[in-house]
Amino acid sequence: MAITSMLCVQLGLAASVGMLADVGPAGVAWLRLSWAGLILLVVVRPRWRSMSRRGLQASVLLGIATAGVTLFFMAAVARLPLGTASALEFLGPLGVAVAHSSGLRKLIWPALAGAGVLLMTEPWLGTADLVGIGFALGAALCWAAYILLTQRVGDEVSGIQGLAVSMPVAALVATVVAAPSTAGSLTWPIVAWGLGLAILLPTIPFTLELLALRRLTAGAFGTLMSLEPAIALLVGLVFLHQQPALLPLVGIGFVIAAGIGAERSGARPAPIGLPAVVVARTSPGS
C-alpha cells in the first residue's frame, strides 16, 4: 500500500507541473485539496457525532498538516527538480524514523537513507535554489507531523472517517492561502483537470497511507518513505526529462536498501481492543 501510494503521489506531482504556469503552485495545491475534500465528503459522509473528541481534534490537526505539506511542496517543485524536492521533503519522515528508533541496529536504516538523501541533493555544489530548499524543508516538517497524526487518526477513528474530516479542513486552509490570488485565473478546463489530479493525489495515496499506518510503526513507515525520492527521480526522468547525475543514482540505491530494511522489520503491534488481523503485517504492494 505504501509503495502504491508513493507512485500515485509522484505521478500526480508530475502531472501538476503543467498547471504551475496557469494558476501557480498554491493554486494547484488548492484545486487538488478542494476536490479531494469534496469527494471524501460525498463518498464517505463522515459521522461527526460518532467521533470521540480526541479523534475529531486529531483529524482537524491532520488537515492542517496536510494543507501545509501540499502547499509547501508545490512551492518547492516550482523551483527545484522533482527528485531534489522529494529528497529534501524526506527529511521529515527520516526524522520520525530516527526519533522512534532505539539501539544501533535500528539506526542503520535511517542513517543509510540519510546518506542517500545527501547524494541525491548534492548540497556541496551550491547551485540549489535556497528559497526552494526552504519550501521543501517546510514540507518536511509538515510531513513528519502528517505521519504521526495519520497514525493517531487511524487508531482513534474507524475506517476513513478521519480522512473525510481532515481533507475538507485542508481544503479550507488552502482556500484561505490561495483563493484570493488564484480564483481569477481559473477556467473550466483547469477546474476539470484539478478534479483528475485530486483523485490521483491526494485522495488515493492518502487513503492508502492511513491504512498502511495501521499496520506499521511510525518509525518503520517513515523509513519506508525513503523510497519516495527514488520514485520521484524516476518519474522526473521519464515524464519531466529531469536527468539525474551519477551520485543521485547511487543515492537511489541507498534509499531503496533502507526502505527494504525498514519494511522487513516494521510490523506494528496490535493496539488494545483491535483484532490482530486489523494490524497484521502486509507486503508494501498490497
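These numbers were taken from a predicted model, which means no experiment stands behind them.

Rules behind the numbers
Residues numbered from 1 in each chain as written. Predicted model: local features only at pLDDT ≥ 70, side-chain atom pairs only at ≥ 80, totals over all residues. Heavy atoms only, no water. Helix = DSSP H or I, 4+ residues; strand = E, 2+ residues; numbered from the N terminus. Buried < 20%, exposed > 50% of the residue type's maximum accessible area, 1.4 Å probe, protein only. Contact = heavy atoms within 4.5 Å. Areas by Shrake-Rupley, 256 points an atom, 1.4 Å probe, with all protein chains shown as cover. Core = buried A, V, L, I, M, F, W, Y, C linked by side-chain atoms within 4.5 Å. Axes fitted to C-alpha atoms, helices over the stretch in contact; angles between N-to-C directions. Parallel < 35°, antiparallel > 145°, perpendicular 65-115°, else oblique. Left-handed = near helix turned anticlockwise from the far one by under 90°. Nonpolar A, V, L, I, M, F, W, Y, C, P; charged D, E, K, R; others polar. Expected span 1.5 Å × (residues − 1). Phe/Tyr/Trp six-rings, centres within 6.5 Å; stacked < 30°, edge-to-face > 60°. Salt bridge = Lys/Arg side-chain N within 4 Å of Asp/Glu carboxyl O. Polar contact = N/O pair within 3.5 Å; in protein donor to acceptor, adjacent residues only side chain to side chain. pLDDT = per-residue confidence, 0-100.

(A) Examining the overall build of the protein more closely. Within the protein one finds 12 helices and 0 strands. Relative to its full complement of 286 residues, the protein shows a buried share of 52%. Across the protein, the fraction of contacts at a sequence separation of at least 24, relative to all contacts at a separation of at least 6, is 87%. Taken as a whole, the protein presents about 12,600 Å² of accessible surface, with 70% of it coming from carbon and sulfur.

(B) Quick look at the nonpolar core. Ranked by size, the top nonpolar core spans 58 residues in total, and within it Leu13, Met19, Phe73, Leu82, Tyr146 and Met167 carry the most contacts. Of all elements in the fold, only α1 (2-17), α2 (20-44), α3 (53-77), α4 (82-89), α7 (130-156), α8 (161-182), α9 (188-212) and α11 (227-240) reach the threshold of two or more residues within this core. Apart from the residues lying within four places of it in its own chain, the contact partners of Tyr146 are Leu62, Ala65, Thr66, Phe206 and Glu209. Grouped together as the second largest cluster of nonpolar side chains are 11 residues, Ala87, Ala113, Ala230 and Val255 included.

(C) Up close: the packing of α3 against α4. Running from N to C, α3 and α4 point in directions that differ by 140°, and their axes come no closer than 9 Å. Between α3 and α4, the crossing angle belongs to the class labelled oblique. In this structure, α3 crosses over α4, and the sense of that crossing is right-handed. Note on element contacts: α4 touches α3 through Leu82, Ala85, Ser86 and Glu89, opposite Val69, Phe73, Ala76 and Val77. Its residues assigned to classes, the contact of α3 with α4 shows 6 nonpolar, 1 polar and 1 charged.

(D) Seen up close, α1. Taking 1.5 Å of rise per residue, the 16 residues of α1 would be expected to cover 22 Å, and the 23 Å separating its terminal C-alpha atoms lies within 8% of that figure. Buried within α1 are the following residues: Ala2, Ser5, Met6, Cys8, Val9, Gln10, Gly12, Leu13, Ala14 and Ser16.

(E) Quick look at the packing of aromatic side chains. One pass over the structure, following the stated rule, counts 1 aromatic pair. Taken together, a centroid distance of 6.5 Å and an interplanar angle of 35° make the contact between Phe72 and Phe135 tilted. Placement of the pair is Phe72 in helix α3 and Phe135 in helix α7, with a sequence separation of 63 residues.

(F) Summary view of the pattern of salt bridges. This model, assessed by the stated rule, comprises 2 salt bridges. One salt bridge connects Arg54 with Glu156, and the closest N-O pair in it is separated by 3.3 Å. Note that Arg54 is positioned in helix α3 and Glu156 in helix α7, a separation of 102 residues in sequence. Taking the relative accessible area as the measure of exposure, Glu156 reaches 29% and is therefore partly exposed.

(G) Broad picture of the environment of Ala29. As for its position among the elements, Ala29 is in helix α2. Relative accessible area serves as the criterion here: at 0%, Ala29 is assigned to the buried category. Not counting the four nearest positions on each side in its chain, Ala29 is found in contact with Thr70, Leu71 and Met74.

(H) Structural context of α7. For α7, with 27 residues, the first-to-last C-alpha span of 39 Å sits near the 39 Å given by 1.5 Å per residue. Where α7 begins, one side-chain oxygen reaches toward the backbone nitrogen of Val131, 2.9 Å away; that side chain belongs to Asp129.

(I) Quick look at the confidence of the model for the protein. The predicted model of the protein has a mean per-residue pLDDT of 81, with 85% of residues at 70 or higher. Of all secondary-structure elements in the protein, the lowest mean pLDDT belongs to helix α10 (residues 218-224), at 65, while α3 reaches the highest, 94. Long-range and interchain partners of residues 270-286, a stretch whose pLDDT sits below 50, account for 26 contacts in this model, where long-range means more than four residues apart.

(J) Main features of the side chain of Ser5. Mapping Ser5 onto the fold places it in helix α1. The residues touching Ser5, leaving out its near neighbours within four places in the chain, are Pro205, Leu208 and Glu209.

(K) View of the packing of α4 against helix α5 (residues 91-99). Across the interface, α4 lies against α5 with an axial gap of 5 Å and an inter-helix angle of 30°. In terms of their interaxial angle, α4 and α5 are classed as roughly parallel. Each of Ala87, Leu88 and Glu89 in α4 lies in contact with α5, whose residues at this interface are Leu91, Gly92 and Pro93. Residues of the contact of α4 with α5, tallied by class, amount to 4 nonpolar, 1 polar and 1 charged.

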